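This is what each chain is made of:
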Amino acid sequence: NKITSGVFAVETSSQIRKITAGVTVSQLLAGINEKAFVTIYNADGTVAQGDALAATGMVAKLIVAGRVVDSVTVVVTGDVNGDGSIDSKDAQQILDYEAGVPGASAPLGVADVSGDGVADSNDAVLILQYAEKKIDKLPVDKTEKAAENE
């Protein structure tokens, strides 16, 4: 028994991806084929509420007969700090990581919004542009959409 989706990408690395900013927990669940048996948990282990924004670090668990049989970590590209929003705090976290600030992290699959294979100040700028509504989609979101339409 595995978590599957026709909307989002469930990867063998136990992550669920292609989740864009603004998707709620209810919308995330609606895109999971086994939604009747899946519960989404916040990073702190509490059950995520349906109207909450999906956030990097949440975990979707497939529960059958009271037992967890599969779990995947939610990845919202651009939501570097896992608060469900893509904003200046995410950009700052990338800059801190790039500058070598102790404890700062910017996981590549979350922070690389340009799709160039690195998490750097270019990604921080794109996140700021997105947060300020100067761009309506992050480049990696556009790339994924184009690939799906081919």
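Everything below is about the structure printed above this text.
Quantities reported herein were computed from a predicted structural model and do not represent experimental measurements.

**Looking at the overall build of the chain**
Here is step 1 of the chain: Of regular secondary structure, the chain possesses 5 helices and 5 strands.
Here is step 2 of the chain: Across the chain, helices and strands are ordered from the amino to the carboxyl terminus as β-β-α-β-β-β-α-α-α-α.
Here is step 3 of the chain: Oriented by its inertia axes, the alpha-carbon framework of the chain measures out at about 45 × 40 × 25 Å.
Here is step 4 of the chain: In the form shown here, the chain has an accessible surface area of approximately 7900 Å², with 51% of it arising from carbon and sulfur atoms.
Here is step 5 of the chain: Distance from the positive charge centre (12 side chains) to the negative charge centre (21 side chains) of the chain: 7 Å.

**Some points on the nonpolar core**
Here is step 1 of the chain: By size, the foremost hydrophobic cluster in this structure holds 19 residues, and its most contacted members are I16, I19, L28, I32 and I40.
Here is step 2 of the chain: Ranked by residue count, the leading element in this core is strand β5 (residues 67-76), at 3 residues.
Here is step 3 of the chain: If near-sequence neighbours (up to four positions away) are discounted, I19 is found in contact with F8, L28, A54, V74, V75, V76 and T77.
Here is step 4 of the chain: Ranked by size, the runner-up nonpolar core spans 14 residues in total, among them V80, V113, A119 and I127.

**Quick look at the packing of aromatic side chains**
Here is step 1 of the chain: Applying the stated criterion to the full structure yields 0 aromatic pairs.
Here is step 2 of the chain: The ring of Y41 carries K61 above its face, with NZ or CZ at 4.9 Å from the centroid.

**A closer look at the sheet that holds strand β1 (residues 9-11)**
Here is step 1 of the chain: Taken together, 5 strands build an open sheet; the order of strands is β1-β2-β5-β4-β3 and the sheet is mixed. On the outer flanks of this sheet lie β1 and β3 (38-41), each paired with one strand and no other. Mean inter-strand twist for the sheet, computed between neighbouring axes without regard to direction, equals 30 degrees.
Here is step 2 of the chain: Alignment of β3 against strand β4 (residues 59-64), held across 4 bridges, turns out to be antiparallel. For V38, the partnering residue across the bridge sits in β4 and is L62.

**Re the environment of G45**
Here is step 1 of the chain: Inspection of the secondary structure puts G45 in the loop between β3 and β4.
Here is step 2 of the chain: You can call G45 partly exposed: its relative accessible area is 47%.
Here is step 3 of the chain: Along the primary structure G45 and E11 are separated by 34 residues, whereas in three dimensions their C-alpha atoms are 22 Å apart.

**Regarding the packing of helix α2 (residues 88-98) against helix α4 (residues 121-131)**
Here is step 1 of the chain: Relative to each other, α2 and α4 sit at 170 degrees, their axes nearing to 8 Å. For the element pair α2 / α4, the angle class is roughly antiparallel. Counting all contacts with α2, which are made through S88, D90, A91, I94, L95 and E98, the residues of α4 involved are S121, D123, A124, I127 and L128.

**Details of the environment of L95**
Here is step 1 of the chain: Among the secondary structure elements, L95 is positioned in helix α2.
Here is step 2 of the chain: Residue L95 is classed as partly exposed on the basis of its relative accessible area, which comes to 34%.
Here is step 3 of the chain: Along the backbone, L95 and D141 are 46 residues apart, and their C-alpha atoms lie at a distance of 21 Å.
Here is step 4 of the chain: Once you skip the residues sitting within four places of it in the chain, L95 turns out to touch S121 and A124.

Criteria and cut-off values
Residues numbered from 1 in each chain as written. Predicted model: local features only at pLDDT ≥ 70, side-chain atom pairs only at ≥ 80, totals over all residues. Heavy atoms only, no water. Helix = DSSP H or I, 4+ residues; strand = E, 2+ residues; numbered from the N terminus. Areas by Shrake-Rupley, 256 points an atom, 1.4 Å probe, with all protein chains shown as cover. Lys, Arg positive; Asp, Glu negative; His and termini not counted. Charge placed at Lys NZ, Arg CZ, Asp CG, Glu CD. Core = buried A, V, L, I, M, F, W, Y, C linked by side-chain atoms within 4.5 Å. Buried < 20%, exposed > 50% of the residue type's maximum accessible area, 1.4 Å probe, protein only. Contact = heavy atoms within 4.5 Å. Phe/Tyr/Trp six-rings, centres within 6.5 Å; stacked < 30°, edge-to-face > 60°. Lys NZ or Arg CZ within 6 Å of the ring centre and 35° of its normal. Pairing = 2+ DSSP bridges. Axes fitted to C-alpha atoms, helices over the stretch in contact; angles between N-to-C directions. Parallel < 35°, antiparallel > 145°, perpendicular 65-115°, else oblique.

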